[in-house]
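Inside the fold
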Amino acid sequence: MKIIQLRNTLLLVLVCTTMSGCITLQQPLPGSLWGSWTFEKTGFLNKQSNSQLENYQNICRRKGDRLHFSSDHKMKLRWYDESCMIHEYFIGRYHVDGKILNVDLAQSRRYQDRPFPPITKFRIMQINETTLKLEEIPQGDRSGRDRAKTGFEPLIFVFMKLD
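Quick look at the structure, then. Worth saying up front: this structure is predicted, and the values here are computed from it rather than measured. (Residues numbered from 1 in each chain as written. Predicted model: local features only at pLDDT ≥ 70, side-chain atom pairs only at ≥ 80, totals over all residues. Heavy atoms only, no water.)

1. Section: the pattern of salt bridges
How we decide: Between Lys or Arg on one side and Asp or Glu on the other, a salt bridge is scored when a side-chain nitrogen of the former is within 4 Å of a carboxyl oxygen of the latter. Type-normalised accessible area, obtained with a 1.4 Å probe on protein chains alone, sets the label of each residue: buried when under 20%, exposed when over 50%, and partly exposed for intermediate values. Helix and strand assignments come from DSSP, with helices taken as H or I runs of at least 4 residues and strands as E runs of at least 2, each series counted from the N terminus.
With the rule as written, the count across this model stands at three salt bridges. For D72, the salt bridge is made with K74, and the minimal N-O distance between the two is 3.8 Å. Taking the relative accessible area as the measure of exposure, K74 reaches 28% and is therefore partly exposed. Ionic pairing is found between E88 and R78, a salt bridge with its closest N-O pair at 3.0 Å. With E88 in strand β5 (residues 86–97) and R78 in strand β4 (residues 74–80), this pair connects stretches of sequence that are 10 residues apart. By relative accessible area, R78 is classed as partly exposed at 28%.

Here's what the structure looks like:
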């Protein structure tokens, strides 16, 4: 009888161990990124490492610009123009390593009026159920400015969760 109980216990442990490798639990990152985030504040990180933020100015006053992170690692941007017409495009694929958000930019037509610059690496400064705060990590060139130069002030974005 004790041998059967021991065998059943070992079998149960083996099955549980095997199944836990197949079950994907939603981790704090990147699972907590999933969904839509509306732009709230934007600014930069000054030389003293202080955020200098201002309220994000949506061009359309009735609708807010937003980023969307999907569970299949796609990152999209939706923004509205002056007539509140919606524009949406695929930014690229993202992956998270620790607190670093990496974006592999898509090879798509560039929009001059999009509110989100082509940045490929961010530090996740804060993330919880309602707030996402990203800091640009210098990586080469952005709009003619060399981000690797000393004195460069990384961009900061603060988002609020929509869903």
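2. Details of the side chain of S36
What counts is decided by this rule: Any pair of nitrogen or oxygen atoms within 3.5 Å is treated as a polar contact; in protein, a donor-acceptor pairing is required on top of that, and neighbouring residues in sequence qualify only through side-chain atoms on both sides. Two residues qualify as a contact provided that any one of their heavy atoms is within 4.5 Å of a heavy atom in the partner residue.
Along the chain, the position of S36 falls in strand β1 (residues 35–45). Here the side chain of S36 touches H68 through a polar contact of 2.9 Å, side chain to side chain. Residues contacting S36, with those up to four places away along its chain left out, are R66, L67, H68, M160, K161, L162 and D163.

3. Examining the pairing of β1
Keep this limit in mind: Strands qualify as paired when DSSP identifies two bridges or more between them.
Across four bridges, the pairing between β1 and strand β3 (residues 66–69) is antiparallel. Note that in β3 the partner of S36 across the bridge is H68. The sheet contact formed by β1 and strand β11 (residues 155–161) spans seven bridges and is antiparallel. Of the residues in β11, the one forming a bridge with F44 is L155. Here β1 hands over to strand β2 (residues 51–55) after five residues, with S49 in that stretch at a positive phi of 65 degrees.

4. Quick word on the state of the cysteines
Under the convention used in this document: In what follows, a disulfide is any cysteine sulfur pair within 2.5 Å.
Per the stated rule, a full pass over the model turns up one disulfide. Bridging C60 to C84, the disulfide has an S-S length of 1.9 Å. Of note, the bridge from C60 to C84 carries an S-S torsion of about 95 degrees and is right-handed in sense. Placement of C60 in the loop between β2 and β3 and of C84 in the loop between β4 and β5 is noted, with a sequence separation of 24 residues between them. C84 matches C60 in its accessibility class, with the two residues each being buried.

5. A short note on the environment of G98
By the secondary structure assignment, G98 is in the loop between β5 and β6 (100–105). Residue class for G98 comes out exposed when judged on its relative accessible area of 55%. As for G98 and I124, which are separated by 26 residues in sequence, their C-alpha atoms are 8.9 Å apart.

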